[in-house]
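Residue-level structural notes
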Amino acid sequence: MLELLHIENIAVIEQADIELEPGLTVMSGETGAGKSIVIDSVGAILGRRVSRELIRSGAQKGFVSAVFSALSPGLNRLLAELDLTGEEPDTLYIQRQINADGKSACRVNMKPVTAAVLKTLAPYLIDIHGQNDGQKLLDEQYHIDYLDGFAQNEALLAEYQPRYQSLLQLRRQITALETGEQERLQRVDMLSFHKEEIEQAALKPGEDETLAQQKAFFDHAGKIAAALEEARLALAGDEDADDAAGACSLLDRAAEALGAIGEISDAYEGIAERAQELRYLAADLRDSVAGGCGNLEFSAAERDQTEQRLDEIYRLKQKYGGTIEEILAYHAKITEELDGLQNADTRRDALREQYRVELADAKKIAARLTEARVEAAGRLEQAIVRELGELDMEKVRVRIAVRTGTKLTQHGFDTVAFEISVNPGEPEKPLSKVASGGELSRIMLALKNVLTAGEEVGMLIFDEIDTGVSGHAAQQIARKLSAIAGQKQTLCVTHLPQIAAMGDHHLRISKSVRGERSYTDVSQMDEARRIDEIARLLSGETITDASRGNAAELLHEAQRYKTDRETGFIDERRKERAP
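It should be emphasised that the depicted structure is a prediction, and the values quoted were computed from it without experimental measurement. (Residues numbered from 1 in each chain as written. Predicted model: local features only at pLDDT ≥ 70, side-chain atom pairs only at ≥ 80, totals over all residues. Heavy atoms only, no water.)

Observations regarding the overall build of the chain
Applied cut-off: Each helix corresponds to a stretch of at least 4 residues labelled H or I by DSSP, and each strand to a stretch of at least 2 residues labelled E; elements are numbered beginning at the N terminus. Between the two quantities, the radius of gyration covers C-alpha atoms and the globule rule is 2.2 Å times the number of residues to the power 0.38. Working definition: with a 1.4 Å probe on protein chains only, accessible area under 20% of the residue-type maximum means buried, over 50% means exposed, and in between means partly exposed. The contact criterion used is simple: two residues touch if any of their non-hydrogen atoms lie within 4.5 Å.
If you tally the helices and strands in the chain, you get 21 helices and 15 strands. Against the globule reference of 25 Å for 579 residues, the chain gives a C-alpha radius of gyration of 46 Å, more extended than a compact globule. Principal axes of the C-alpha set define a box for the chain whose edges measure 150 × 65 × 45 Å. A buried classification covers 41% of the 579 residues belonging to the chain. Summarising the internal contacts of the chain: among those between residues at least 6 apart in sequence, 71% fall at separations of at least 24.

The following block contains the structure:
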């Protein structure tokens, strides 16, 4: 159960501490006072999406925290699995901070968690029946969800729905293969040409750089030959000239001369060694130049072949990539794609077989879902009728129609429709055709009570369940809420005096303006203030002695009803009225 809700800088609430107790707590207040802000704050600690617009104007952040006690066994197990067990046994602390940038920070028992973790805990904490749930009840697409919840089909649905999604994916793949045959063949033809052209070229990484160097050599062969010949003559000399000695001959003579005096005096030994070193270097250079001259020979065919190869590589670069490496990468890519395209027939047949097997499997699970729904529908009909009988709708008939088709959907073979007859002699018709606002509220309350009876949720919140209800029907809803609160902690936001009087505890939400700012306050009501608040609900802004008297009478009758129920007196009277 929820013991304490702390709200700070959320919308018009600057700060509020709301203490809650077991039983039925009613919350009342003028329209716009901030009751919905309290519900939104509860939603925040349950992991629901929050907006930075929820932060009070002028504040940097909003904050909500809650303390829960008397935790269910399932919740304690889940907390242990998530390593979120707190230091205090059977107590749970949840905090959520909403920042101005729209992000939020969540903590469970002082440990940081995500909002998704809060959503995981929520089914064990609080079930909120919002104002739009009644409209969902009118929409038949949600009826199958209500029935599945009652039938506890979660495990079957978890088994079926991934298979259904897989079937959809397989069907899309098969359709793409079947409808794109012409495009596939055209693509195969184009990629095959590209692949063959690249393979015939037999490209090698770095080949273009080597060829470019060769071409540069061919283009400048004459200049290179002239330079090598001039260097050869300078080093070796010209044999045809009488006095054209080369540098090597001159260095030989210099080395011999210096070597002679180096033997005479140690002072010239170093110079002689350097001359000898230059002599060897010059000779080595002469031999290298001579070798270069000998390697200059090449044929015109060899030159043409190099240029043609470079032209071929350039053309392939223009079509398939800026470098040889990119061309080869493209070749690898289209080879893989071609393999898939050329094996499309085989792949299509394999997908069809896989689809057939998975379809048969999904149909078996869908058939089990149908059986479970048909069996649960009868039990749910009886449970709703019984609940509605206690809500002043004794003559009502309910039919939960499970219609089984042949085509699979995300729910299996079935569609579900809740149908009702509120008047004797009238056939059952869809809820949207026959249910008034007051009837719809009672049906929703009955359904919510049936669906949550076996759940471990610790608290129920009803946000204006009394829409469209008045008179005796309002009294019956109040009594039903009181009965529900005997099993689970219940909070009800209401505008009806009958429901307000039935509460075991009463909170009033009020808004005031102080210093040109709006403030919302949440206060616990003692008996005297409860009488005034219920009188306001009865008569409006002007509270009279008569309305106070009526309010006091409502409180007295509510207390007497609860006492009779606790002592079993009500059950005895029901047995006496039974046929």
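From this point, the narrative continues.
A few points about the packing of aromatic side chains
Stated formally: The rule is short: rings of Phe, Tyr and Trp, with Trp giving its six-membered ring, pair when the centres are within 6.5 Å, and they are stacked under 30 degrees, edge-to-face over 60, tilted in between.
In the structure shown here, the tally under the stated rule is 3 aromatic pairs. On the numbers, 6.3 Å between centres and 40° between planes, the contact of Y146 with F418 is tilted. Of the two residues, Y146 is situated in helix α5 (residues 143-151) and F418 in strand β10 (residues 412-421); the sequence distance between them amounts to 272 residues. For the residue pair Y146 and F418, the accessibility class agrees, reading buried in each case. Arranged with centres 6.0 Å apart and planes meeting at 20°, the rings of Y160 and Y164 form a pair that is stacked. Here Y160 pairs with Y164, and both are found in helix α6 (residues 154-179), just 4 residues apart, close to one helical turn.

With respect to the pairing of strand β1 (residues 2-10)
This is how it is decided: In this analysis, strands are considered paired if DSSP registers two or more bridges between them.
As paired strands, β1 and strand β4 (residues 61-69) are joined by 6 bridges and run antiparallel to one another. Looking at the pairing, E8 lines up with F63 of β4. Where β1 and strand β2 (residues 13-19) come together, 6 bridges link them in antiparallel fashion. In the sheet register, L5 faces β2, and the bridge partner there is I18. Linking β1 back to β2 in an antiparallel pair, the connection comprises 2 residues, with A11 at a positive phi of about 55°.

Description of the pairing of strand β12 (residues 459-463)
What counts is decided by this rule: Convention used here: a crossover is right-handed provided that the path from the first strand, over the helix, to the second strand proceeds clockwise when the strands point away from the viewer.
In terms of burial, β12 is largely enclosed, as 5 of its 5 residues are buried. Because side chains alternate across β12, one face comprises the buried residues M459, I461 and D463, and the other comprises L460 and F462, equally buried. Sheet analysis places β12 next to strand β13 (residues 489-493), joined by 5 bridges and oriented parallel. Residue pairing across strands places L460 opposite T490, the latter belonging to β13. Read from β12 through helix α17 (residues 471-485) to β13, the crossover connection turns out right-handed.

Observations concerning the sheet that holds β13
Formally: To define axes, lines are fitted to C-alpha atoms, for helices over the stretch in contact only, and angles between the resulting N-to-C directions are given on a 0 to 180 degree scale.
Ordered by their spatial adjacency, 6 strands build an open sheet running β8-β12-β13-β3-β14-β15, and the pairing between neighbours is mixed. The open sheet terminates on both sides in strands that have one partner only, identified here as β8 (126-129) and β15 (517-524). Each neighbouring strand pair of the sheet contributes to a mean axis angle of 15°, computed without reference to strand direction. Inspection of the sheet shows strand β3 (residues 24-29) paired to β13 by 4 bridges, in the parallel sense. Note on β13: the bridge partner recorded for T25 is L491. Set on the sheet, helix α19 (residues 527-539) makes contact with β3, β14 (505-514) and β15; between it and β14 the angle comes to about 75°.

What to know about a nonpolar patch on the surface
Test applied: The residues that make up patches have over 30% relative accessible area and no salt bridge, and they are joined within 9 Å when like-charged or within 5 Å when they are Val, Leu, Ile, Met, Phe, Trp or Tyr. The protein chains shown are the only cover counted for residues, whose accessible areas, like all others here, come from Shrake-Rupley with a 1.4 Å probe. Here, a salt bridge means any side-chain nitrogen of Lys or Arg that lies within 4 Å of a carboxyl oxygen of Asp or Glu.
A grouping of I261, I264, Y268 and I271 is seen on the molecular surface, where their side chains present a nonpolar patch of about 390 Å² in accessible area. Within the secondary structure, I261 is located in helix α10 (residues 247-264). For I261, a relative accessible area of 31% puts it in the partly exposed group.

So, helix α20 (residues 545-567)
Given 3.6 residues per turn, any residue in an α-helix points the same way as the ones three and four places further on. Short version of the rule: Given a helix with a known number of residues, its expected span is that number minus one, times 1.5 Å.
Between its first and last C-alpha atoms α20 spans 33 Å; for 23 residues at 1.5 Å apiece the expected length is 33 Å, and the two agree. Taken together, the buried positions of α20 are S547, A551, L554, L555, A558, Y561, K562 and D564.

Focus: unusual backbone geometry
One non-glycine residue with positive phi stands out, namely N9, at about 55°. Residue placement: N9 occurs in strand β1. In this structure, N109 takes a positive phi of about 50° despite not being glycine.

A closer look at the nonpolar core
Here is a general trend for soluble globular proteins: nonpolar side chains tend to be buried in one another's company. Note the following rule: By nonpolar core is meant a set of buried Ala, Val, Leu, Ile, Met, Phe, Trp, Tyr and Cys residues that side-chain atoms within 4.5 Å join together.
One finds L137, L380, L388, I400, F418, L447 and L481 to be the most contacted residues of the largest nonpolar core, which totals 59 residues. For this core, the element with the highest residue contribution is helix α16 (residues 437-452), accounting for 8 residues. Contacts of F418, omitting those with residues within four sequence positions, involve L137, H143, Y146, L147, L380, R399, I400, K429, P430, L431 and L447.

Some points on helix α1 (residues 35-45)
Within α1, 9 of the 11 residues are buried, which leaves it mostly tucked inside the rest of the structure. Taken together, the buried positions of α1 are occupied by K35, I37, V38, I39, S41, V42, G43, A44 and I45. Looking one or two residues beyond α1, the residue adopting positive phi is G47, at roughly 90°.

Digging into the pattern of salt bridges
The tally for this structure, following the rule as stated, stands at 29 salt bridges. The salt bridge partner of R397 is E428, with a shortest N-O separation of 3.4 Å. Taken as a pair, R397 in strand β9 (residues 397-409) and E428 in the loop between β10 and β11 (429-430) lie far apart in primary sequence, 31 residues in all. The exposure class of R397 is partly exposed, given its relative accessible area of 31%. Salt bridges sharing common partners tie together E30, R508, E533 and R536.

So, the packing of α16 against α17
To keep it simple, the criterion reads: Reported orientations rely on four angle classes, namely roughly parallel under 35 degrees, roughly antiparallel over 145, roughly perpendicular from 65 to 115, and oblique for the rest. What makes a crossing left-handed is the near helix being turned counterclockwise from the far one by less than a right angle; a clockwise turn instead makes it right-handed. Note on residue classes: Ala, Val, Leu, Ile, Met, Phe, Trp, Tyr, Cys and Pro are nonpolar, Asp, Glu, Lys and Arg are charged, and everything else, Gly too, is polar.
Interhelical geometry of α16 versus α17 gives an angle of 15° and a closest axis separation of 11 Å. As summarised for this structure, α16 and α17 are arranged roughly parallel, according to the angle between their axes. Judged by the sense of rotation from one axis to the other, the crossing of α16 with α17 is left-handed. Residue-level inspection shows R442, L445 and N449 of α16 in contact with α17, the latter providing A473, I477, K480, L481 and I484. The residue makeup of the contact of α16 with α17, split by class, is 5 nonpolar, 1 polar and 2 charged.

A short note on the packing of helix α7 (residues 181-201) against helix α13 (residues 324-342)
Here α7 crosses α13 at 145°, and the two axes come no closer than 9 Å. Between α7 and α13 lies a crossing of left-handed hand. Contact residues: α7 offers R184, R187, V188, L191, S192, H194, K195, I198 and E199, while α13 offers I327, Y330, H331, I334, T335, E337, L338, L341 and Q342. A breakdown of the residues in the contact of α7 with α13 according to their chemical character gives 8 nonpolar, 5 polar and 5 charged.

Considerations on the sheet that holds β9
Whenever strands of a sheet pair, they do so through backbone hydrogen bonds, lying parallel or antiparallel. Reading across from one edge, β9-β10-β11 is the order of the 3 strands in this open sheet, with antiparallel pairing throughout. The outermost strands of the open sheet, each flanked by one partner alone, are β9 and β11. In the sheet, β10 pairs with β11 via 2 bridges, with the strands oriented antiparallel. The residue bridging E419 from the neighbouring strand is P430, located in β11.

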